[in-house]
Structure formats: structure tokens, C-alpha cells
Amino acid sequence: MIRAATPDDVPVIRDMVRELAEYERAAEHARATEEQLREALFGPHPAVYALIAEEPGDAGPAPVGFALWFRNFSTWTGTHGVYLEDLYVRPHARGGGHGKALLAALAEICVERGYERFEWWVLDWNEPSIGFYRSLGAEPMSDWTVFRLAGAPLRALARSRPRGAGPEAGGGGGAAARPVADASVGGNTA
């Protein structure tokens, strides 16, 4: 069964995020706290959304997987889309159809809302997941390279922005004309 996450799911979501990070050989980078996840998922301005996969257990339905996603926007299609940040099914529940059910629920959200794209990243060494995604008809975007700016280089770039200049200094359609704290980022205003 697939259902929307509730605030009571935050501890298990955090646990599964850490399990996923261990699987992806990056456990040291999974630093999100329960408080941060609760705010992002259920605060006054949710930035992300989550679905939970459950299967029957002795004490009732037990969470065995999750999908965490947010809206993005394509200037080419003029529509929103879904970006899947995390998809995880616990090892004992793999092969039970939970991953496909989570992806199908997100595809249904896309279709119902008129979103034209459903996108995610996968590590290039993760052959089981790549094969699974291909079996669903997903195509790798081999012409694109992912870039990330984080840590000291991110802070250095932020410090380099000219202060007191007109809107043209910020690029991006006049975003610099608004106070930085008020600017919305990447269409994630769901």
C-alpha cells in the first residue's frame, strides 16, 4: 500500500534516508535531523513531499519504503514536474513491488496535475536500479552532466555577488531586485 507521509512518519523517513545513504556509500553525508525533515515536509511552507510504502505486519501496517519528492519547473515545456530526491525500499521488502508502486504513484501525480516530466538521478554504479528504471521505460539523460556547488565554493560565490547594483547584476530575470531571503528558488514553492 502507498500513502502520503504524516508527521508521525518523520523518524522512520530519517532512518530510511540514513539506510539509503549507507547503501550509496555516503553515510557521512546524511546529516538531516528529524526537526529539519519535519519542517521541510510539514512546516508552514512545505518544500518536499513524501509517500510511504507499507506492508502488513503483526502490529499493523509497517513502513518498508519511501519516496521523497518536490516540484520543479521546465521553462521549455512551461509546466511543473516532479523531481524524485530519494526512493528507497528496505532490503527485506525488495522484490515485493514497493518501488514500482511508489514510482507509479508519483507518475499518477504527474499525469493528474499536467506535469510533463518526472526526473531523478541514479548513481552510475547502481546497476540493479538502472536496470529497474529502464524496465519502466525511463531513459538516462546521457547528454547532460550534473553540477553541484557546495561548501566553501558555494559560500565564495555567494560573497562574490556585487552589492548595491541594479537588478541586472543578479541575472535570472531580476531576482536580485528582491531581497535574497524572499526570492523563491527553483520553482519549489509547492
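**Student:** Even after reading the chapter, I still don't get the overall build of the chain, so can you show me in this structure?
**Tutor:** From N to C terminus, the chain includes 5 helices and 5 strands. Ordered by position from the N terminus, the helices and strands of the chain form the series β-α-α-β-β-β-α-β-α-α. Counting the 190 residues in the chain, one finds 28% classified as buried. Put simply, 54% of the contacts in the chain that link residues at least 6 apart link residues at least 24 apart.

**Student:** Just checking my understanding: could you explain a nonpolar patch on the surface for this structure?
**Tutor:** A cluster of nonpolar side chains, Trp76, Met141 and Trp144, forms an exposed patch at the surface whose accessible area comes to about 500 Å². Within the secondary structure, Trp76 is located in the loop between strand S3 (62-74) and strand S4 (79-89). According to the relative accessible area criterion, Trp76 is exposed, its value standing at 72%.

**Student:** What is the right way to look at the packing of aromatic side chains in this model?
**Tutor:** The way to describe two aromatic rings as a pair is by their centre distance and the angle between their planes. The full count for this structure, using the stated rule, is 7 aromatic pairs. The interplanar angle of 80° and the centroid separation of 6.3 Å between the aromatic rings of Tyr83 and Trp121 together place this pair among those described as edge-to-face. Placement of the pair is Tyr83 in strand S4 and Trp121 in the loop between strand S5 (117-120) and helix H4 (127-135), with a sequence separation of 38 residues. For Tyr83, a relative accessible area of 13% corresponds to the buried category. Taking relative accessible area as the criterion, Trp121 reaches 48% and is therefore assigned partly exposed. Put simply, the rings of Phe118, Trp120, Phe132 and Tyr133 touch in pairs and so form one group of aromatic residues. It is Arg25 that lies over the ring of Trp125; its NZ or CZ is 3.7 Å from the centre. Here Arg94 stacks its cationic end above the ring of Tyr23, 5.5 Å away from the centre of that ring.

**Student:** Before we go on, may I ask you to explain the pairing of S3 in this structure?
**Tutor:** Two faces, one strand: in a regular strand the side chains alternate between the faces of the sheet. By the criterion of burial, S3 is predominantly enclosed, with 10 of the 13 residues buried. Pairing between strand S2 (residues 49-55) and S3: 7 bridges, direction antiparallel. By the bridge assignment for S3, Leu51 is matched with Ala67. Where S2 folds back on S3, the antiparallel hairpin that results is connected by 6 residues, among which Gly60 adopts a positive phi of roughly 110°.

**Student:** What's the story with the nonpolar core in this structure? I'm lost.
**Tutor:** General note: in soluble globular proteins, nonpolar side chains tend to be found buried as a group. Formed by 19 residues in total, the largest nonpolar core has its most connected members in Ile13, Leu41, Ala50, Phe66 and Leu68. Looking at this core, the elements with two or more residues in it are helix H1 (10-23), helix H2 (34-42), S2, S3 and S4. Here this core takes 7 residues from H1, the largest share from any one element. Apart from the residues within four sequence positions on either side, Leu68 is in contact with Leu41, Val48, Tyr49, Ala50, Tyr83, Leu84, Glu85 and Asp86. Counting 18 residues, the second largest nonpolar core, distinct from the first, contains Leu51, Trp69, Ala105 and Tyr133.

**Student:** Would you take a moment to explain the environment of Pro11 for this structure?
**Tutor:** Note that Pro11 resides in helix H1. Residue Pro11 is classed as partly exposed on the basis of its relative accessible area of 31%. Once the C-alpha coordinates of Pro11 and Thr33 are considered, the two residues, 22 residues apart in sequence, prove to be 9.1 Å apart.

**Student:** Explanation requested: the packing of H1 against H2 in the structure shown.
**Tutor:** Packed helices, taken two at a time, are described by the angle their axes make and the gap between the axes. Between H1 and H2, the shortest axis-to-axis distance is 9 Å and the interhelical angle comes to 115°. With respect to each other, H1 and H2 are oriented roughly perpendicular. The handedness of the crossing between H1 and H2 is right-handed. Note on element contacts: H2 touches H1 through Glu34, Leu37, Arg38, Leu41 and Phe42, opposite Val10, Pro11, Ile13 and Arg14. Class assignment of the residues belonging to the contact of H1 with H2 gives a composition of 6 nonpolar, no polar and 3 charged.

Cut-offs applied
- Residues numbered from 1 in each chain as written.
- Predicted model: local features only at pLDDT ≥ 70, side-chain atom pairs only at ≥ 80, totals over all residues.
- Heavy atoms only, no water.
- Helix = DSSP H or I, 4+ residues; strand = E, 2+ residues; numbered from the N terminus.
- Buried < 20%, exposed > 50% of the residue type's maximum accessible area, 1.4 Å probe, protein only.
- Contact = heavy atoms within 4.5 Å.
- Patch = residues over 30% accessible without salt bridge, like charges linked within 9 Å, V, L, I, M, F, W, Y side chains within 5 Å.
- Areas by Shrake-Rupley, 256 points an atom, 1.4 Å probe, with all protein chains shown as cover.
- Salt bridge = Lys/Arg side-chain N within 4 Å of Asp/Glu carboxyl O.
- Phe/Tyr/Trp six-rings, centres within 6.5 Å; stacked < 30°, edge-to-face > 60°.
- Lys NZ or Arg CZ within 6 Å of the ring centre and 35° of its normal.
- Pairing = 2+ DSSP bridges.
- Core = buried A, V, L, I, M, F, W, Y, C linked by side-chain atoms within 4.5 Å.
- Axes fitted to C-alpha atoms, helices over the stretch in contact; angles between N-to-C directions.
- Parallel < 35°, antiparallel > 145°, perpendicular 65-115°, else oblique.
- Left-handed = near helix turned anticlockwise from the far one by under 90°.
- Nonpolar A, V, L, I, M, F, W, Y, C, P; charged D, E, K, R; others polar.

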